[in-house]
Amino acid sequence: MKFVSTRGLAPVLDFDEVVLTGLASDGGLYVPEKLPVVSEATFRAWQVLPYDKLAIEVMWPFVEGTILRETFELMVIDAYASFRHEAIAPIKQLTSDTWLLELFHGPTLAFKDFALQLLGRLLDHFLARRGEHGVVMGATSGDTGSAAIEGSRHSKHLDLIILHPYQRVSEVQRRQMTTVMSANVHNIALKGNFDDCQAIVKASFMDQDFVQPNRLLAVNSINLARIMAQTVYYIYSGLRIGVLDRPVLFSVPSANFGDAYGGYMACQMGLPIAHFTVATNANDALVRALSGDLSRKPLTKTLSPSMDIVVSSNFERLLFDLYGKDGEQIANVMKAFQTGSVTLDSSAVEKARGLFSAIAVDDDRTCDTIRRIFAETGELIDPHTATGMDALSIAPAEMTKVVLATAHPAKFSEAVQKAGFDEVPLPSDMSDLLTRDERYTILENDLSEVQHFVHTVTK
Ligand SMILES: *Cc1c(COP(=O)(O)O)cnc(C)c1O
């Protein structure tokens, strides 16, 4: 498979190069030039496959030619072996027509493990083959950092530098990062907010030379390998729910649109998903984008912090398709968006709305929904999942509904307690998390100080 940039000017790349490159050199995001279309007969044959075997089949066309089949099979099986539930992505029936797709059984209790357990192994493999050493640099408001650390803690070929805002992530989130004692893991608590962390990471990517001779790597959802891995669970759960024989809707708690875009790729591969509802919290960039208004609003801190974003970066990937894969037009739209708001082409927006409905769910509604779902079904859901659950209010009638449960409620006890419940216990293998030793470095919000730290730990 070849990969092209949404802005049309960067070189066409193979999978290994895309994984190692992250952002395209023209500022765009890489997307598959052409996705394989899977036949109905093949989908039916896939219905019986366990999660990891299905993952190998779904992802093979992406990676073919850059990695040996046997190596890839072992890598995928290994990536999902650490999940706490045998089904990896169990699907729980809540009511006669609503199902919960539990994506929180990975090592760090959020859906990001699905992608980052695999991405860590892919990066390690491609770096080893090139005889290179990599430095992953990433900013996190919580979930991405711990998932990236868990996915790469055993890597011999890369160091991880993860910046989180000092005293602004939950204790569970911080400890999931700082109690990992692997020599290649370096946590920075930056005296600033998440945007400051991101600004430092961005500035460092503009100045890649500072890590020479290492290669600087990105693990945020601009990395297409993450989206690829997320396509799998739409196909897995869709086939089990009967997507080939009845209309099925997926409801996706969303921020950067990476998770939802995985579902979109499943559609492009021929899976007949009827509709998506996309839920945001008060940070409703996606809701506005899907109504044709590409604009920025200041960040609001919410009870679903992993969805607190200002710009929904993966929306550009959808726009590329909506604008007929015209990279020049996307480059113009994104250039205008850099300095202001953009009104999107109305026929493009119309096309998107045929597949995606979007709604913003504020903190009050989030807490109401946690209470309501518990009262109706006995299931205690996390605040992110609750936004997806509430979004079913805008679902077209007569569809079977699958809500993506993106995190375990134990990870977000603040919201669960605000909704009136006791704190949820962590899984037993993590029960001592709050007493484990921690290791992290507190740094000022200063680029040169951070870069100096990176130099000293990656020597
Ligand atoms: C990252 C995250 C989301 C948002 O996913 P996007 O791919 O950014 O849309 C939702 N819920 C949880 C728990 C997350 O960690």
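Residues numbered from 1 in each chain as written. Predicted model: local features only at pLDDT ≥ 70, side-chain atom pairs only at ≥ 80, totals over all residues. Heavy atoms only, no water.

Describe the site of the ligand, listing the residues and the values that go with them.
In the vicinity of the ligand, 15 residues are found, and the nearest of them are Lys112, Asp143, Ala255, Asn256 and Asp259. Here an oxygen atom of the ligand sits 2.8 Å away from a polar atom, N or O, in the main chain of Asn256. Here an oxygen atom of the ligand sits 3.2 Å away from a polar atom, N or O, in the main chain of Gly258. Look at the ligand: alone it shows 390 Å² of surface, and the protein chains cover 96% of it. Of the residues assigned to the shell around the ligand, the class counts are six nonpolar, six polar and three charged. (Near = heavy atom within 4 Å. Polar contact = N/O pair within 3.5 Å; in protein donor to acceptor, adjacent residues only side chain to side chain. Areas by Shrake-Rupley, 256 points an atom, 1.4 Å probe, with all protein chains shown as cover. Nonpolar A, V, L, I, M, F, W, Y, C, P; charged D, E, K, R; others polar.)

So what's going on with the sheet that holds strand S7 (residues 185-191)? Which residues, and what values?
In a beta sheet, neighbouring strands are held together by backbone hydrogen bonds and run either parallel or antiparallel to one another. The sheet built from five strands is open, its strands ordered S8-S5-S6-S7-S15 with parallel pairing. Single-partner strands in this sheet number two, and they are strand S8 (215-217) and strand S15 (441-444). Going from strand to strand, the sheet's axes swing by 30 degrees on average, the running direction of each strand aside. Of the pairings in the sheet, the one linking strand S5 (residues 134-139) to S8 comprises three bridges and is parallel in character. Residue pairing across strands places Val136 opposite Leu217, the latter belonging to S8. Across the sheet, helix H5 (residues 112-130) is in contact with S5, strand S6 (158-165) and S8; its angle to S8 comes to roughly 165 degrees. (Pairing = 2+ DSSP bridges. Helix = DSSP H or I, 4+ residues; strand = E, 2+ residues; numbered from the N terminus. Axes fitted to C-alpha atoms, helices over the stretch in contact; angles between N-to-C directions. Contact = heavy atoms within 4.5 Å.)

Residues and numbers for the environment of Gln451, please.
Mapped onto the elements of the fold, Gln451 is located in helix H18 (residues 447-458). Considered as a pair, Gln451 and Gly145 are 306 residues apart in the sequence and their alpha carbons are 18 Å apart. In this view, Gln451 contacts Ser204, Asp207 and Phe210; residues no more than four positions away in its chain are not counted.

Mind laying out the packing of helix H15 (residues 363-377) against helix H16 (residues 383-390), listing which residues take part and the relevant values?
For the pair H15 and H16, interaxial distance at closest approach is 8 Å and the crossing angle is 85 degrees. Classified by the angle their axes make, H15 and H16 are roughly perpendicular. Residues Arg365, Thr366, Thr369, Ile370, Arg372 and Ile373 of H15 form the contact with H16, whose participating residues are Pro383, Ala386, Thr387, Met389 and Asp390. Here the contact of H15 with H16 is composed, by residue class, of five nonpolar, three polar and three charged. (Parallel < 35°, antiparallel > 145°, perpendicular 65-115°, else oblique.)

So yeah, pure geometry; function would need other evidence.
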